[in-house]
Amino acid sequence: MKAVITGGAGFIGSALGRHLLAQGVDSVQAFDNLNSGHAANLEGTAIGLITGDIRDYEALLAAFADADYVIHLAAIPSVPRSIKEPIPSHDVNINGSFNVFRAAQAQGVKRVVYAASSSAYGDTEILPKVESMQTNPKSPYAAQKLMGEYYASVFSSCFGLQTVSLRFFNVFGPRQDPGSAYSGVLSLFMKALIEGKSPTIFGDGEQSRDFTYVEDVAALVWKAALATGVSGRVFNAGNGNRYTLNQTWEMLQEISGVTLAANYGSPREGDVKHSQADTTLARQALGHDPKFTFQEGLRQTFQWYRASLV
Ligand code: UD1
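Below or above, wherever it landed, is the structure these notes cover. (Residues numbered from 1 in each chain as written. Predicted model: local features only at pLDDT ≥ 70, side-chain atom pairs only at ≥ 80, totals over all residues. Heavy atoms only, no water.)

1. So, the site of the ligand
Surrounding the ligand, one finds 22 residues, the nearest of these being Pro77, Val185, Thr200, Arg209 and Asp271. Residue Phe202 places a main-chain N or O atom 2.8 Å away from an oxygen atom belonging to the ligand. With respect to the ligand, the side chain of Arg209 contributes an N or O atom lying 2.6 Å from an oxygen atom. Out of a free accessible area of 740 Å², the ligand has 91% covered by protein chains. Looking at the shell around the ligand, the elements that each hand over two or more residues are α6 (185–195) and β8 (200–202). Counting residues per element, the shell around the ligand draws most heavily on β8, at three residues. Among the residues forming the shell around the ligand, the class breakdown is ten nonpolar, nine polar and three charged. (Near = heavy atom within 4 Å. Polar contact = N/O pair within 3.5 Å; in protein donor to acceptor, adjacent residues only side chain to side chain. Areas by Shrake-Rupley, 256 points an atom, 1.4 Å probe, with all protein chains shown as cover. Helix = DSSP H or I, 4+ residues; strand = E, 2+ residues; numbered from the N terminus. Nonpolar A, V, L, I, M, F, W, Y, C, P; charged D, E, K, R; others polar.)

Okay, here's the thing in structure tokens:
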């Protein structure tokens, strides 16, 4: 059995690749342009690396030959970056995703699991956010990720390609790259702790997120690849809880034993205020069963950064 992970050298992709190998998948290939992914994330594993870009249809066709499953994670994954640089973001996240579905269909892939985003919900009055709610994207990134869902569904209904979309909720864990201003907030918090420098919290820090540990997401992705009767559908991939940034920074200080006051800046454009997944549908239809509490995920992640960041 062969699986190809677009964006497979990123922190989610490399955790997923390890999970698939552990589940007995014979061949796992990471297709990655190494823009935000790193070959080093695959070191010590049997995951193969195909250096390529999802904007290149021919490269995808070649990569997907003989593939049973494609997990499509590749993206320019940032809300603020999509506002600052909407053109590359559109090109990769929409046109690139279209290429992935098209190439998977052409190669007779059994199923594509697509990494959609919780950002599709925007701000809703009601929490947690349920798949049946009206979507309301607040940023180009959110709109692009939602378009990918629509394409996933249409490839299922019009072209006979099996697809499942998972709306990822703020995934975090080891190997998340803190190297850019656009990096995920928890990777930036980890770096700040290790360097002993105050992080910046945008706004009052009372915004909340359903931070989801990468191992739980990897397990769910594989369940979504194998589940029956779910093609064309969309599921939340979250933990089901939410924590404010202020609470999170407090918890991290406790875990690390470092006491450090955060700086506060202006709220970020396009930011959603609160995010929390209703996990009922994913539990029922896919067998979603998150194992990591937020505290446990933070502990594991902090240990990794402490051992890896110098
Ligand atoms: C959003 C999506 C998420 C998607 C991700 C891709 C929502 C609810 N979530 O995450 O599904 O996978 O984009 O990047 O839309 N922040 C700080 N200081 C920092 C950096 C960030 O305070 O240095 C704040 C942000 O303003 C935000 C929160 O931390 O309120 C989380 O930000 P970030 O980690 O960038 O992810 P989202 O934009 O929530």
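2. Side note on the side chain of Ser256
For Ser256, the position within the fold is in helix α8 (residues 245–256). On the accessibility criterion, Ser256 (15% relative accessible area) is buried. Within the structure, the side chain of Ser256 is placed 3.3 Å from the backbone oxygen of Gln253, a separation counted as a polar contact. (Buried < 20%, exposed > 50% of the residue type's maximum accessible area, 1.4 Å probe, protein only.)

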